[in-house]
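Chain and residue survey
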Amino acid sequence: MLDIKLFRETPDLVREALRKRGMDPAPVDEVIKLDTLRRDLIREVEGLKAERNRASKEIGRTKDKAERQAKIDAMRAVGDQISQLDEQLRQVQGQLNDLMATFPNIPDARVPLGADESENVVLRTVGEPRRPDFKVQPHWDLGPALGIINFEQGVKMTGSRFYVLSGAGARLQRALIAWMLDLHIRQGYTEKYTPFMVKSDTMFAAGELPKFQANMYKDHEEDLWMVPTAEVPLTGLHMGEILDGADLPLRYTAYTPCFRREKMSAGRDVRGIKRGHQFDKVEMYIYCRPEDADAELEKMLADAEQTCAELGLTYRIVQLCTGDLGEKAQITYDIEVWSPGVEEWLEVSSVSCVGDFQARRAGVRYRPEGEKRTRYPYTLNGSGLGLPRTLIAILENYQQPDGSVIVPEVLRPWMGGIEVIR
RNA sequence: GGAGGGAUGGCCGAGUGGACGAAGGCGCCUGUCUUGAAAACAGGUUAGGGUCUCCCCUACGCGGGUUCGAAUCCCGCUCCCUCCGCCA
């Protein structure tokens, strides 16, 4: 949610932001119109309410029967007028809220202009893409051959794009989760275990509703949604709270499964475990003062990078252009790891600053030290790596000519002595 | 799933139609006193909104309703507690 003041005071800035994202700036004028109407109504109805409050107190003091009745009769009309205006105001307010909720965040000035993902900018590459001289099997062949991924069983019980991890495969994923959480704790994040289902309010707060309704799973009887990312419950954690400025920044990490109900287009990433309706992820999330956001963004990116580096993976940092930038984000860096089996750069992490966009929706505020007024904190989120893709990269990068897979050093403490999966 | 009780400010807790944004207490802040602190005393201490240093409006779990006027009455919902049932 954007600040209504931006529309009042600097509407051109909002229009420009929409154009950069390739969107129509026309709704800005609609907001201004509704906001003006809203404030006109407020002034009118509040004047009447003030009058009513004054008169009502007088009525309470009036002893004379006839005089009292006369005053009551006079006020009855005012009361009707008030309820009429209140109703009108409610409608206008509702329209304005609905409209405001549809605006994407304003891209940071540093974000390069571009129409779509083809115009994203590779900032740097760390390591050399591995291209072994033997034929690297893609994970969808290797996994079943090693008996650690079973696609048929997943499809049998649930449907396409579901799979079962088995034995060392399941264990490898669990090792990754445990190792990543421990790493993030060392980096200064507090671990949270959260609900995997949340109410509509929480989905709205995180910016998933109303726009991405079609991409999420819902229990219609209970009005509960399955989280598409841990970012959702980590945003919900402090809904409606006023945080103490001295406590910022708050840094959290959480493991959750993620559920996404995408209309999977035929032919796109259909093979393997790259894109499923259910996947696991370890997430980082930060609440900070606006003035600290740049430093925190750098930290989070460095923290996510460290994950790739310690796993010994070749990766590159990609800055998203305005046309590819997510709805909520002001600025986003993707981390992609090279995987020689699928022969592509896999997006394993996306690190974003969303400004006060989510805090505003969630009603999370903080009181700067020594100040009376409250402000909205900035929030940042980033994956400490999505697991299926990290798993793909490990299976394909650590593959030996004989089809066995070496377990990365850092994961071995969780692998019960397994150094090679064969 | 069934029966009953409850939800008031940072916390405890009063309030059953008008003087209540809300008694009293605790906590916190400021001042007086003190060499300093404590104690005592005095004052202050919610958030959001409006043409916003004054002033006005809104909010007593949430949403409706009754009324000139609602923390207080009515309806619906949510959450918490107790008991019964069921359950990993």
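Residues numbered from 1 in each chain as written. Chains lettered and ligands numbered in written order. Predicted model: local features only at pLDDT ≥ 70, side-chain atom pairs only at ≥ 80, totals over all residues. Heavy atoms only, no water.

1. Let's talk about the overall build of chain A
- Secondary structure assignment for chain A yields twelve helices and 17 strands.
- If one aligns the C-alpha atoms of chain A with their principal axes, the spans along those axes are about 100 × 45 × 45 Å.
- Going through the 422 residues of chain A one by one, you find that 49% of them count as buried.
- Across chain A, contacts joining residues at least 24 apart in sequence account for 73% of those joining residues at least 6 apart.
- Counting 58 positive and 66 negative side-chain charges, chain A places the centres of these two groups 4 Å from one another. (Helix = DSSP H or I, 4+ residues; strand = E, 2+ residues; numbered from the N terminus. Buried < 20%, exposed > 50% of the residue type's maximum accessible area, 1.4 Å probe, protein only. Contact = heavy atoms within 4.5 Å. Lys, Arg positive; Asp, Glu negative; His and termini not counted. Charge placed at Lys NZ, Arg CZ, Asp CG, Glu CD.)

2. Examining the domain arrangement of chain A
- The domains assigned to chain A are domain 1 (4-100) and domain 2 (117-421).
- For domain 1 versus domain 2, the distance between C-alpha centres works out to 43 Å. (Domains from an automatic or database assignment.)

3. A look at the protein's contact with RNA strand B
- In the vicinity of RNA strand B there are 22 residues, among which Arg43, Ser56, Arg68, Arg76 and Thr374 approach most closely.
- A distance of 2.9 Å separates a base oxygen of RNA strand B from a polar atom in the side chain of Arg43.
- With respect to RNA strand B, the side chain of Arg68 contributes an N or O atom lying 2.6 Å from a base oxygen.
- Secondary structure elements with two or more residues in the surface near RNA strand B: α3 (27-61), α4 (65-100) and β14 (365-367).
- Here the residues of the surface near RNA strand B are counted per class, giving five nonpolar, four polar and 13 charged. (Near = heavy atom within 4 Å. Polar contact = N/O pair within 3.5 Å; in protein donor to acceptor, adjacent residues only side chain to side chain. Nonpolar A, V, L, I, M, F, W, Y, C, P; charged D, E, K, R; others polar.)

4. Looking at a negative patch on the surface
- A cluster of acidic side chains, namely Asp116, Glu117, Glu119, Asp324 and Glu347, defines a negative patch on the protein surface.
- Looking at the secondary structure, you find Asp324 in the loop between β11 (315-319) and β12 (331-339).
- Taking the relative accessible area as the measure of exposure, Asp324 reaches 30% and is therefore partly exposed. (Patch = residues over 30% accessible without salt bridge, like charges linked within 9 Å, V, L, I, M, F, W, Y side chains within 5 Å. Areas by Shrake-Rupley, 256 points an atom, 1.4 Å probe, with all protein chains shown as cover. Salt bridge = Lys/Arg side-chain N within 4 Å of Asp/Glu carboxyl O.)

5. Structural notes on the packing of helix α7 (residues 168-186) against helix α10 (residues 293-310)
- Between α7 and α10, the shortest axis-to-axis distance is 11 Å and the interhelical angle comes to 135°. As far as their axial angle goes, α10 and α7 are oblique. The way α7 lies across α10 gives a crossing that is right-handed. Contacts between α7 and α10 pair Trp179, Met180, Leu183 and His184 from the former with Asp303, Gln306, Thr307 and Glu310 from the latter.
- Here the contact of α7 with α10 is built from residues that sort into three nonpolar, three polar and two charged. (Axes fitted to C-alpha atoms, helices over the stretch in contact; angles between N-to-C directions. Parallel < 35°, antiparallel > 145°, perpendicular 65-115°, else oblique. Left-handed = near helix turned anticlockwise from the far one by under 90°.)

6. Notes on the nonpolar core
- In this structure, Leu172, Leu176 and Leu411 are the most contacted members of the largest nonpolar core, which totals 60 residues.
- At nine residues, the largest contribution of residues to this core is made by α7.
- Setting aside residues up to four positions removed in sequence, Leu411 forms contacts with Leu172, Ala175, Leu176, Trp179, Leu311 and Ile394.
- Counting 28 residues, the second-largest nonpolar core is a separate cluster that includes Leu18, Val28, Ala55 and Leu85. (Core = buried A, V, L, I, M, F, W, Y, C linked by side-chain atoms within 4.5 Å.)

7. Quick look at the side chain of Gln319
- With respect to the secondary-structure elements, Gln319 resides in strand β11.
- In this structure, Gln319 is in contact with Arg110, Val111, Pro112, Asn120, Val121, Leu123, Ile331, Thr332 and Tyr333, ignoring residues within four places of it in sequence.

8. Describing the state of the cysteines
- Summed over the entire model, instances satisfying the criterion amount to zero disulfides.
- Among the cysteines around Cys258, which has no disulfide bond, Cys308 carries the closest sulfur, lying 17 Å off.
- Cysteine Cys353 remains unbridged, with the sulfur of Cys288 as its closest cysteine sulfur at 6.6 Å. (Disulfide = S-S within 2.5 Å.)

9. Examining the pattern of salt bridges
- This model, assessed by the stated rule, comprises 31 salt bridges.
- Between Glu16 and Arg19 there is a salt bridge, with the nearest N and O atoms lying 3.4 Å from each other. Here Arg19 and Glu16 lie together in helix α2 (residues 11-20), a separation of three residues that amounts to about one turn.
- Residues Arg412 and Glu409 are paired through a salt bridge, measuring 3.6 Å at the closest nitrogen-oxygen approach.
- The exposure class of Glu409 is exposed, given its relative accessible area of 60%.
- What emerges from the salt-bridge pattern is a single network uniting Arg8, Asp35, Arg38 and Arg39.

10. Thoughts on the pairing of β11
- For β11, a buried count of four out of five residues is recorded, marking the element as mostly surrounded by other parts of the structure.
- Two strands pair when backbone bridges link them, and strand β1 (residues 121-126) and β11 are joined in this way by five bridges, in the antiparallel orientation. Bridging from a neighbouring strand, Val122 pairs with Val318 of β11.
- Taken together, the five bridges between β11 and β12 define a ladder with antiparallel strand orientation. Bridge pairing in β12 links Ile317 to Ile335. (Pairing = 2+ DSSP bridges.)

11. So, the layout of surface pockets
- Each pocket or cavity is described by its volume, and for the second largest pocket that value is around 530 Å³.
- Around the second largest pocket, the lining is made up of 21 residues, and of these Asp3, Ile4, Lys5, Arg360 and Tyr376 lie nearest the centre.
- Counting only elements with at least two residues in the lining of the second largest pocket, the list comes to α1 (4-9), α3 and α4.
- Examining the composition of the lining of the second largest pocket, we find that four residues originate from one element, α4, more than from any other.
- Looking at the lining of the second largest pocket residue by residue, the class counts come to eight nonpolar, three polar and ten charged.
- Two domains each provide a minimum of three residues to the lining of the second largest pocket, namely domain 1 (4-100) and domain 2 (117-421). (1 Å grid on protein atoms, 1.4 Å probe; cavity = no way out; pocket = protein on both sides within 12 Å on 5 of 7 lines; lining within 4 Å. Points joined across faces, edges and corners; volume = space filled by probe spheres on them.)

12. A short note on the environment of Pro233
- Assignment of secondary structure puts Pro233 in helix α9 (residues 231-236).
- Put simply, Pro233 and Met203 are 30 residues apart on the chain and 8.5 Å apart in space, counted from C-alpha to C-alpha.
- Not counting the four nearest positions on each side in its chain, Pro233 is found in contact with Thr194, Pro195 and Val227.

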